[in-house]
Amino acid sequence: MSEALVFVYGCLTDLGTMRARAPSAVPVKTALLEGHTYGFCGSSRGWGGGVATVIETKTPHEGTRVPGVVWRVSQHDLAALDQFEGVPWLYTREELEVEGPLPFYFYVHTPAPLAEPSPSYLDAINRGLRSFGLPTQHVARAVKRAQRFETAQKAAEAAKVARKPSKRAVAKPREVWTAVDELAAWTEERLAWEREGG
């Protein structure tokens, strides 16, 4: 197959970002990815923060449809997108079962902790979504989730450090036995003094 369809939902919704990676890509239509929710995770050295992903949901609820753009790409461009997304280490390319002559793909980040994206990355996503008339509220919700996760993670790490006893407070075995010996000697002297009528 010489061409394929790719559903994108992150920075590749931005025309400039997509064309820099896949020059012959053509936007076909906007679409909704059902049964998934939007999130940010991992860490990108290029963007300086978390990157977008979609997470499959088991039960339907608000936010289980992710808006994005479907692009038609050549096999050469598809290989370039795989490289840009870091397949298979950072992202995996998943195939959607849809009716039509062309294979239909989307990218999913490999498991990683939630992470807040950088302002420049968010700008690229929001610019791309708005240029296609798509909403951005789900992006803002995903940012808040990542912020809450990072705040909770930092609090947990701080609590862990606070619970960890300092080296100065922990007596060495030799010091413990010396203290025991001194207490035993003091007790023996005290008993002898009491026997003598002191």
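Preceding this section is the structure that the text describes.
Summary of the structure given here. Every value quoted in this text rests on a predicted model; they were computed, and no experiment measured them.

Parameters and conventions
- Residues numbered from 1 in each chain as written.
- Predicted model: local features only at pLDDT ≥ 70, side-chain atom pairs only at ≥ 80, totals over all residues.
- Heavy atoms only, no water.
- Phe/Tyr/Trp six-rings, centres within 6.5 Å; stacked < 30°, edge-to-face > 60°.
- Helix = DSSP H or I, 4+ residues; strand = E, 2+ residues; numbered from the N terminus.
- Buried < 20%, exposed > 50% of the residue type's maximum accessible area, 1.4 Å probe, protein only.
- Lys NZ or Arg CZ within 6 Å of the ring centre and 35° of its normal.
- Core = buried A, V, L, I, M, F, W, Y, C linked by side-chain atoms within 4.5 Å.
- Arc of directions from axis to C-beta.
- Contact = heavy atoms within 4.5 Å.
- Expected span 1.5 Å × (residues − 1).
- Salt bridge = Lys/Arg side-chain N within 4 Å of Asp/Glu carboxyl O.
- Axes fitted to C-alpha atoms, helices over the stretch in contact; angles between N-to-C directions.
- Parallel < 35°, antiparallel > 145°, perpendicular 65-115°, else oblique.
- Left-handed = near helix turned anticlockwise from the far one by under 90°.
- Polar contact = N/O pair within 3.5 Å; in protein donor to acceptor, adjacent residues only side chain to side chain.

## Quick notes on the packing of aromatic side chains
Consideration 1: Per the counting criterion, the structure on display carries six aromatic pairs.
Consideration 2: Their ring planes at 35° and their centres at 6.3 Å tell us that Phe7 and Tyr9 sit as a pair that is tilted.
Consideration 3: On the numbers, 6.3 Å between centres and 75° between planes, the contact of Phe40 with Tyr121 is edge-to-face. Here Phe40, found in strand β3 (residues 36-44), pairs with Tyr121, found in helix α3 (residues 119-131); they are 81 residues apart in sequence, far enough to count as distant. Tyr121 matches Phe40 in its accessibility class, with the two residues each being buried.
Consideration 4: Within the aromatic cluster, the residues linked to one another by ring pairs are Phe7, Tyr9, Tyr38, Phe40, Trp47 and Tyr121.
Consideration 5: The aromatic ring of Tyr105 is capped on one face by Arg93, whose charged end is 4.5 Å from the ring centroid.

## Some remarks on the nonpolar core
Consideration 1: One finds Tyr9, Met18, Tyr38, Phe40, Val73 and Ile125 to be the most contacted residues of the largest nonpolar core, which totals 40 residues.
Consideration 2: When contributions to this core are tallied by element, the ones reaching two or more residues are β1 (3-8), β3, β4 (49-56), β5 (65-74), α2 (75-85), β7 (104-109), α3 and α4 (137-163).

## Observations concerning α2
Consideration 1: Every buried residue of α2 is listed here: Asp77, Leu78, Leu81, Asp82 and Glu85. Along the axis of α2, the buried positions cluster into a sector of 145°, meaning they face one direction only. Exposed side chains of α2 directed beyond 90 degrees from the buried face belong to His76 and Gln83.
Consideration 2: In this structure, the buried residues of α2 make contact with β1, α1 (15-21), β5, β6 (91-96) and β7.
Consideration 3: One or two positions beyond α2, positive phi appears at Gly86, with a value near 75°.

## Topic: the environment of Leu15
Consideration 1: Summarising the element assignment, Leu15 is placed in helix α1.
Consideration 2: Between the C-alpha atom of Leu15 and that of Gly128, which follows or precedes it by 113 residues, the distance is 6.6 Å.

## Looking at α3
Consideration 1: The end-to-end C-alpha separation of α3 is 18 Å, in line with the 18 Å expected for 13 residues at 1.5 Å each.
Consideration 2: Immediately downstream of α3, the backbone of Gly133 shows phi near 75°, a positive value.

## Focus: the pattern of salt bridges
Consideration 1: The full count for this structure, using the stated rule, is four salt bridges.
Consideration 2: Asp14 is paired through a salt bridge with Arg127; the nearest N and O atoms lie 3.1 Å apart. Placement of Asp14 in the loop between β1 and α1 and of Arg127 in helix α3 is noted, with a sequence separation of 113 residues between them.
Consideration 3: Owing to a relative accessible area of 9%, Asp14 belongs among the buried residues under this scheme.

## With respect to the packing of α3 against α4
Consideration 1: Contact geometry for α3 and α4: axes closest at 10 Å, N-to-C directions at 160°. Taken together, the axes of α3 and α4 lie roughly antiparallel to each other. Between α3 and α4 lies a crossing of right-handed hand. Residues Leu122, Ile125, Asn126 and Leu129 of α3 lie in contact with α4, whose contacting residues are His138, Val139 and Val143.

## Structural notes on the side chain of His109
Consideration 1: Relative to the helices and strands, His109 resides in strand β7.
Consideration 2: Taking relative accessible area as the criterion, His109 reaches 10% and is therefore assigned buried.
Consideration 3: Engagement of the side chain of His109 in a polar contact is seen with the backbone oxygen of Leu90, the distance being 3.4 Å.
Consideration 4: Among all residues touching His109, those that are not within four sequence positions of it are Cys41, Gly42, Val51, Thr53, Leu90 and Tyr91.

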